[in-house]
Amino acid sequence: MISAIDAGNYMTKYFDGKQLRAFPSLIGEYRERNLRQQHGDHDFEFEYDGQRGFAGTLALHESECAESRKGESKAHPDARLRILLALHQYGEGIEHQIIVGQPISTHQETEKAAIKEMLCGRHELIVNGQRKIIVIRRCEVAAEGVTAGLLVPGGGVIRVIDIGSGTVNFGTLIDRRFNDRGSFTLGTGMETLRSVKPADFSRQIALRALAGGWKANDMVYLCGGGAGAVLEALRAYFPGIQLIEGDPQYANVKAFFLIARRVYG
Ligand SMILES: Nc1ncnc2c1ncn2[C@@H]1O[C@H](COP(=O)(O)OP(=O)(O)OP(=O)(O)O)[C@@H](O)[C@H]1O
Ligand SMILES: [Mg+2]
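Residues numbered from 1 in each chain as written. Chains lettered and ligands numbered in written order. Predicted model: local features only at pLDDT ≥ 70, side-chain atom pairs only at ≥ 80, totals over all residues. Heavy atoms only, no water.

Draft legend 1. Spatial organisation of the site of ligand 1. Around ligand 1, a shell composed of 19 residues is seen, among which Y10, G166, E191, G225 and Q249 lie nearest. Between an oxygen atom of ligand 1 and a main-chain N or O atom of M11, the distance comes to 3.0 Å. Within the side chain of Q249, one N or O atom sits 2.7 Å away from an oxygen atom of ligand 1. Tallied by class, residues from the shell around ligand 1 come to five nonpolar, ten polar and four charged. In terms of domain composition, the shell around ligand 1 takes at least three residues from each of domain 1 (2–144) and domain 2 (146–252). (Near = heavy atom within 4 Å. Polar contact = N/O pair within 3.5 Å; in protein donor to acceptor, adjacent residues only side chain to side chain. Nonpolar A, V, L, I, M, F, W, Y, C, P; charged D, E, K, R; others polar. Domains from an automatic or database assignment.)

Draft legend 2. Highlighting the sheet that holds strand β2 (residues 11–15). The strand order across the open sheet built from nine strands is β3-β2-β1-β7-β9-β8-β5-β6-β4, with neighbouring strands paired in mixed fashion. Looking at strand neighbours, the two that pair on one side only are β3 (20–24) and β4 (27–29), the edges of this open sheet. Strand-to-strand twist of the sheet, defined as the mean angle between neighbouring strand axes without regard to direction, takes the value 35 degrees. Both strand β1 (residues 2–7) and β2 contribute to a ladder of four bridges, which runs antiparallel. Across the sheet, D6 pairs through a bridge with K13, a residue of β2. Against the sheet, helix α3 (residues 109–119) makes contact with β7 (95–102), β8 (121–127) and β9 (130–143), and its axis sits at roughly 165 degrees relative to β9, the strand it touches most. (Pairing = 2+ DSSP bridges. Helix = DSSP H or I, 4+ residues; strand = E, 2+ residues; numbered from the N terminus. Axes fitted to C-alpha atoms, helices over the stretch in contact; angles between N-to-C directions. Contact = heavy atoms within 4.5 Å.)

Draft legend 3. Geometry of the side chain of D218. Looking at the element boundaries, D218 is found in the loop between α4 (198–211) and β14 (219–223). On the accessibility criterion, D218 (16% relative accessible area) is buried. A distance of 2.8 Å separates a polar atom in the side chain of D218 from a polar atom in the side chain of R159. Within the structure, D218 has its side chain in polar contact with the backbone nitrogen of K215 (distance 2.8 Å). (Buried < 20%, exposed > 50% of the residue type's maximum accessible area, 1.4 Å probe, protein only.)

In short, geometric facts, not functional conclusions.
Here is the structure:
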(Lines give C-alpha, C1' and ligand atoms only; values in the text may rest on other atoms or scores of the structure.)
(Ligands and ions follow the chains in the order given, each with its own letter.)
Protein backbone atom coordinates (compact mmCIF):
# COMPACT_ATOMS: atom_id res chain seq x y z
CA MET A 1 0.00 0.00 0.00
CA ILE A 2 1.12 3.56 -0.76
CA SER A 3 1.16 6.16 1.99
CA ALA A 4 2.86 9.32 3.23
CA ILE A 5 4.02 9.92 6.80
CA ASP A 6 5.17 13.26 8.17
CA ALA A 7 6.75 12.11 11.46
CA GLY A 8 6.81 15.57 13.02
CA ASN A 9 8.50 16.53 16.25
CA TYR A 10 5.07 17.21 17.77
CA MET A 11 2.48 15.32 15.73
CA THR A 12 2.88 12.41 13.36
CA LYS A 13 0.69 12.87 10.31
CA TYR A 14 -0.45 10.05 7.99
CA PHE A 15 -2.21 10.19 4.63
CA ASP A 16 -2.95 7.43 2.14
CA GLY A 17 -5.36 9.24 -0.16
CA LYS A 18 -8.36 8.26 1.98
CA GLN A 19 -7.39 8.38 5.63
CA LEU A 20 -5.87 11.59 7.02
CA ARG A 21 -4.69 10.96 10.59
CA ALA A 22 -2.47 12.44 13.29
CA PHE A 23 -1.26 11.47 16.75
CA PRO A 24 1.15 13.04 19.27
CA SER A 25 4.77 12.04 18.56
CA LEU A 26 5.55 11.58 22.27
CA ILE A 27 7.40 8.47 23.40
CA GLY A 28 7.81 7.50 27.04
CA GLU A 29 8.86 4.66 29.29
CA TYR A 30 6.79 1.59 30.11
CA ARG A 31 5.32 1.09 33.57
CA GLU A 32 3.03 -1.58 35.02
CA ARG A 33 -0.31 0.06 35.70
CA ASN A 34 -2.91 -0.76 38.36
CA LEU A 35 -5.41 1.57 36.78
CA ARG A 36 -6.17 1.30 33.10
CA GLN A 37 -8.04 4.20 31.73
CA GLN A 38 -8.48 5.36 28.17
CA HIS A 39 -6.79 8.77 27.99
CA GLY A 40 -7.23 9.61 24.34
CA ASP A 41 -7.72 8.23 20.87
CA HIS A 42 -4.02 7.50 20.53
CA ASP A 43 -3.09 5.45 23.59
CA PHE A 44 -0.28 3.21 22.38
CA GLU A 45 1.48 0.58 24.48
CA PHE A 46 4.19 -0.74 22.18
CA GLU A 47 6.88 -3.39 21.92
CA TYR A 48 9.47 -3.05 19.20
CA ASP A 49 12.92 -4.56 18.83
CA GLY A 50 13.21 -5.39 22.54
CA GLN A 51 11.95 -1.96 23.61
CA ARG A 52 8.71 -1.57 25.50
CA GLY A 53 7.03 1.76 26.16
CA PHE A 54 4.11 4.12 25.91
CA ALA A 55 3.48 6.43 22.98
CA GLY A 56 0.93 9.01 21.87
CA THR A 57 -1.71 10.09 24.38
CA LEU A 58 -0.77 7.21 26.71
CA ALA A 59 2.80 8.55 27.02
CA LEU A 60 1.39 12.01 27.63
CA HIS A 61 -0.72 10.87 30.58
CA GLU A 62 1.17 7.93 32.06
CA SER A 63 4.89 8.10 31.26
CA GLU A 64 6.96 10.14 33.67
CA CYS A 65 9.68 10.82 31.12
CA ALA A 66 7.65 11.34 27.96
CA GLU A 67 9.42 13.40 25.32
CA SER A 68 9.53 13.76 21.59
CA ARG A 69 12.99 13.94 20.12
CA LYS A 70 13.33 17.26 18.31
CA GLY A 71 15.97 18.38 15.94
CA GLU A 72 16.96 19.11 12.40
CA SER A 73 17.23 15.48 11.34
CA LYS A 74 14.75 12.62 11.52
CA ALA A 75 17.32 9.89 11.02
CA HIS A 76 16.80 8.46 14.51
CA PRO A 77 14.95 5.55 16.15
CA ASP A 78 12.16 7.74 17.57
CA ALA A 79 11.17 8.83 14.08
CA ARG A 80 11.24 5.20 12.94
CA LEU A 81 8.90 4.26 15.76
CA ARG A 82 6.48 7.11 14.91
CA ILE A 83 6.38 5.94 11.28
CA LEU A 84 5.88 2.29 12.25
CA LEU A 85 3.12 3.22 14.72
CA ALA A 86 1.32 5.09 11.91
CA LEU A 87 1.63 2.12 9.56
CA HIS A 88 0.52 -0.29 12.28
CA GLN A 89 -2.55 1.78 13.13
CA TYR A 90 -3.69 3.03 9.73
CA GLY A 91 -1.92 1.04 7.02
CA GLU A 92 -3.56 -1.89 5.29
CA GLY A 93 -1.77 -5.11 4.47
CA ILE A 94 1.81 -6.05 5.18
CA GLU A 95 3.78 -4.38 2.39
CA HIS A 96 4.25 -0.63 2.16
CA GLN A 97 5.74 1.94 -0.17
CA ILE A 98 6.14 5.20 1.70
CA ILE A 99 7.28 8.80 1.49
CA VAL A 100 8.56 10.39 4.70
CA GLY A 101 9.90 13.86 5.46
CA GLN A 102 13.13 15.49 6.53
CA PRO A 103 13.95 19.18 7.22
CA ILE A 104 15.55 21.00 4.30
CA SER A 105 18.86 21.64 6.11
CA THR A 106 19.50 17.90 6.49
CA HIS A 107 17.87 16.76 3.25
CA GLN A 108 21.26 15.38 2.19
CA GLU A 109 22.25 12.10 0.57
CA THR A 110 23.88 10.66 3.69
CA GLU A 111 20.94 11.55 5.95
CA LYS A 112 18.40 10.30 3.43
CA ALA A 113 20.31 7.04 3.05
CA ALA A 114 20.32 6.63 6.85
CA ILE A 115 16.54 7.11 6.95
CA LYS A 116 15.93 4.61 4.16
CA GLU A 117 18.32 2.15 5.78
CA MET A 118 16.50 2.25 9.14
CA LEU A 119 13.05 1.96 7.52
CA CYS A 120 13.34 -0.44 4.59
CA GLY A 121 12.80 -4.09 5.38
CA ARG A 122 10.80 -6.15 7.83
CA HIS A 123 9.62 -4.89 11.22
CA GLU A 124 7.63 -6.55 13.94
CA LEU A 125 5.62 -4.19 16.12
CA ILE A 126 3.10 -4.93 18.87
CA VAL A 127 0.66 -2.14 19.74
CA ASN A 128 -1.88 -2.70 22.52
CA GLY A 129 -1.35 -6.43 22.24
CA GLN A 130 -1.80 -6.58 18.47
CA ARG A 131 1.26 -7.99 16.71
CA LYS A 132 1.85 -6.88 13.12
CA ILE A 133 4.50 -7.53 10.55
CA ILE A 134 5.31 -4.38 8.59
CA VAL A 135 7.41 -4.70 5.47
CA ILE A 136 8.62 -1.44 3.94
CA ARG A 137 9.44 -2.26 0.33
CA ARG A 138 10.32 1.24 -0.80
CA CYS A 139 10.93 4.51 0.96
CA GLU A 140 11.75 7.97 -0.36
CA VAL A 141 12.51 11.08 1.67
CA ALA A 142 10.85 14.41 0.80
CA ALA A 143 11.93 17.82 2.03
CA GLU A 144 9.58 19.41 4.57
CA GLY A 145 8.05 22.78 3.77
CA VAL A 146 9.23 23.20 0.21
CA THR A 147 7.26 20.11 -0.87
CA ALA A 148 4.07 21.71 0.45
CA GLY A 149 4.56 24.36 -2.24
CA LEU A 150 3.30 21.75 -4.73
CA LEU A 151 -0.17 22.28 -3.24
CA VAL A 152 -0.16 25.86 -4.54
CA PRO A 153 -1.38 25.92 -8.14
CA GLY A 154 0.51 27.77 -10.85
CA GLY A 155 4.12 28.60 -11.58
CA GLY A 156 6.44 31.52 -10.90
CA VAL A 157 8.20 32.05 -7.60
CA ILE A 158 6.35 30.45 -4.66
CA ARG A 159 7.69 30.74 -1.12
CA VAL A 160 6.53 28.48 1.72
CA ILE A 161 7.18 28.78 5.45
CA ASP A 162 6.42 25.64 7.47
CA ILE A 163 6.08 26.52 11.16
CA GLY A 164 6.70 23.26 12.99
CA SER A 165 7.25 22.44 16.64
CA GLY A 166 11.01 21.96 16.46
CA THR A 167 11.89 23.54 13.13
CA VAL A 168 10.83 26.21 10.68
CA ASN A 169 11.38 25.28 7.04
CA PHE A 170 11.67 27.94 4.34
CA GLY A 171 11.02 26.64 0.83
CA THR A 172 11.25 28.23 -2.58
CA LEU A 173 9.79 26.84 -5.80
CA ILE A 174 10.41 28.39 -9.17
CA ASP A 175 8.00 27.18 -11.82
CA ARG A 176 7.15 24.21 -9.57
CA ARG A 177 10.80 23.16 -9.22
CA PHE A 178 12.51 23.15 -5.83
CA ASN A 179 15.11 25.89 -5.52
CA ASP A 180 17.94 25.07 -3.14
CA ARG A 181 19.31 28.59 -2.87
CA GLY A 182 16.02 29.96 -1.53
CA SER A 183 15.32 27.02 0.82
CA PHE A 184 16.70 26.55 4.34
CA THR A 185 15.77 25.62 7.92
CA LEU A 186 15.69 27.47 11.22
CA GLY A 187 16.46 25.00 14.00
CA THR A 188 13.84 26.32 16.43
CA GLY A 189 10.08 25.97 16.46
CA MET A 190 6.93 26.51 18.49
CA GLU A 191 7.96 24.02 21.20
CA THR A 192 11.68 24.71 21.48
CA LEU A 193 11.40 28.36 22.47
CA ARG A 194 10.89 29.03 26.18
CA SER A 195 8.17 31.56 25.59
CA VAL A 196 6.87 32.04 22.12
CA LYS A 197 5.59 35.53 21.57
CA PRO A 198 4.23 35.49 18.03
CA ALA A 199 5.64 38.97 17.29
CA ASP A 200 9.19 38.10 18.39
CA PHE A 201 9.22 34.70 16.72
CA SER A 202 7.75 36.21 13.54
CA ARG A 203 10.47 38.85 13.48
CA GLN A 204 13.13 36.14 13.66
CA ILE A 205 11.40 34.13 10.94
CA ALA A 206 10.94 37.13 8.64
CA LEU A 207 14.50 38.40 9.06
CA ARG A 208 15.84 34.93 8.30
CA ALA A 209 13.77 34.82 5.10
CA LEU A 210 14.83 38.32 4.02
CA ALA A 211 18.47 37.45 4.71
CA GLY A 212 17.97 34.41 2.49
CA GLY A 213 17.05 36.64 -0.43
CA TRP A 214 13.26 36.65 -0.11
CA LYS A 215 11.50 39.91 -1.03
CA ALA A 216 8.64 41.58 0.82
CA ASN A 217 6.34 41.31 -2.17
CA ASP A 218 6.96 37.61 -2.84
CA MET A 219 4.06 35.16 -2.86
CA VAL A 220 4.52 33.63 0.60
CA TYR A 221 2.38 30.76 1.91
CA LEU A 222 2.31 29.52 5.49
CA CYS A 223 1.82 25.94 6.65
CA GLY A 224 2.57 23.79 9.71
CA GLY A 225 0.73 23.69 13.02
CA GLY A 226 2.08 27.07 14.11
CA ALA A 227 0.96 28.89 10.95
CA GLY A 228 -2.14 30.49 12.43
CA ALA A 229 -0.22 31.84 15.42
CA VAL A 230 2.29 33.84 13.36
CA LEU A 231 0.23 34.79 10.31
CA GLU A 232 -0.75 38.29 11.41
CA ALA A 233 2.66 39.21 12.81
CA LEU A 234 4.38 38.07 9.62
CA ARG A 235 2.12 40.28 7.54
CA ALA A 236 4.18 43.28 8.65
CA TYR A 237 7.11 41.85 6.66
CA PHE A 238 5.27 40.06 3.83
CA PRO A 239 2.00 41.95 3.16
CA GLY A 240 0.70 39.31 0.73
CA ILE A 241 1.29 36.35 3.04
CA GLN A 242 -1.52 33.79 3.30
CA LEU A 243 -2.25 30.38 4.76
CA ILE A 244 -1.89 27.46 2.39
CA GLU A 245 -5.30 26.04 1.47
CA GLY A 246 -6.71 23.40 3.82
CA ASP A 247 -5.59 22.55 7.35
CA PRO A 248 -1.99 23.87 7.44
CA GLN A 249 -0.82 21.12 9.81
CA TYR A 250 -1.51 18.49 7.13
CA ALA A 251 0.01 20.38 4.19
CA ASN A 252 3.32 18.49 4.23
CA VAL A 253 1.78 15.05 4.45
CA LYS A 254 -0.70 15.80 1.66
CA ALA A 255 2.14 17.03 -0.55
CA PHE A 256 4.23 13.96 0.32
CA PHE A 257 1.33 11.85 -0.88
CA LEU A 258 1.32 13.67 -4.24
CA ILE A 259 4.93 12.56 -4.58
CA ALA A 260 4.09 9.03 -3.42
CA ARG A 261 1.54 8.68 -6.20
CA ARG A 262 3.98 10.04 -8.74
CA VAL A 263 6.87 7.80 -7.62
CA TYR A 264 4.99 4.59 -6.91
CA GLY A 265 2.13 5.05 -9.37
N1 LIG B 1 -4.16 26.23 16.94
C2 LIG B 1 -2.87 26.38 17.20
N3 LIG B 1 -2.38 27.56 17.64
C4 LIG B 1 -1.07 27.72 17.90
N5 LIG B 1 -0.18 26.76 17.76
C6 LIG B 1 -0.62 25.58 17.34
C7 LIG B 1 -1.97 25.31 17.03
N8 LIG B 1 -2.08 24.03 16.62
C9 LIG B 1 -0.85 23.55 16.69
N10 LIG B 1 0.02 24.46 17.12
C11 LIG B 1 1.45 24.33 17.32
O12 LIG B 1 1.96 23.82 16.12
C13 LIG B 1 3.04 22.97 16.40
C14 LIG B 1 2.88 21.68 15.69
O15 LIG B 1 2.92 21.90 14.33
P16 LIG B 1 3.30 20.72 13.37
O17 LIG B 1 2.43 19.55 13.57
O18 LIG B 1 3.36 21.32 12.03
O19 LIG B 1 4.78 20.39 13.91
P20 LIG B 1 5.62 19.12 13.58
O21 LIG B 1 5.52 18.84 12.13
O22 LIG B 1 5.25 18.02 14.50
O23 LIG B 1 7.07 19.62 13.96
P24 LIG B 1 8.39 19.68 13.04
O25 LIG B 1 7.95 20.21 11.70
O26 LIG B 1 9.31 20.60 13.76
O27 LIG B 1 8.87 18.28 12.96
C28 LIG B 1 3.05 22.73 17.89
O29 LIG B 1 4.20 23.33 18.42
C30 LIG B 1 1.80 23.36 18.40
O31 LIG B 1 2.07 24.04 19.58
MG1 LIG C 1 6.51 19.55 10.47
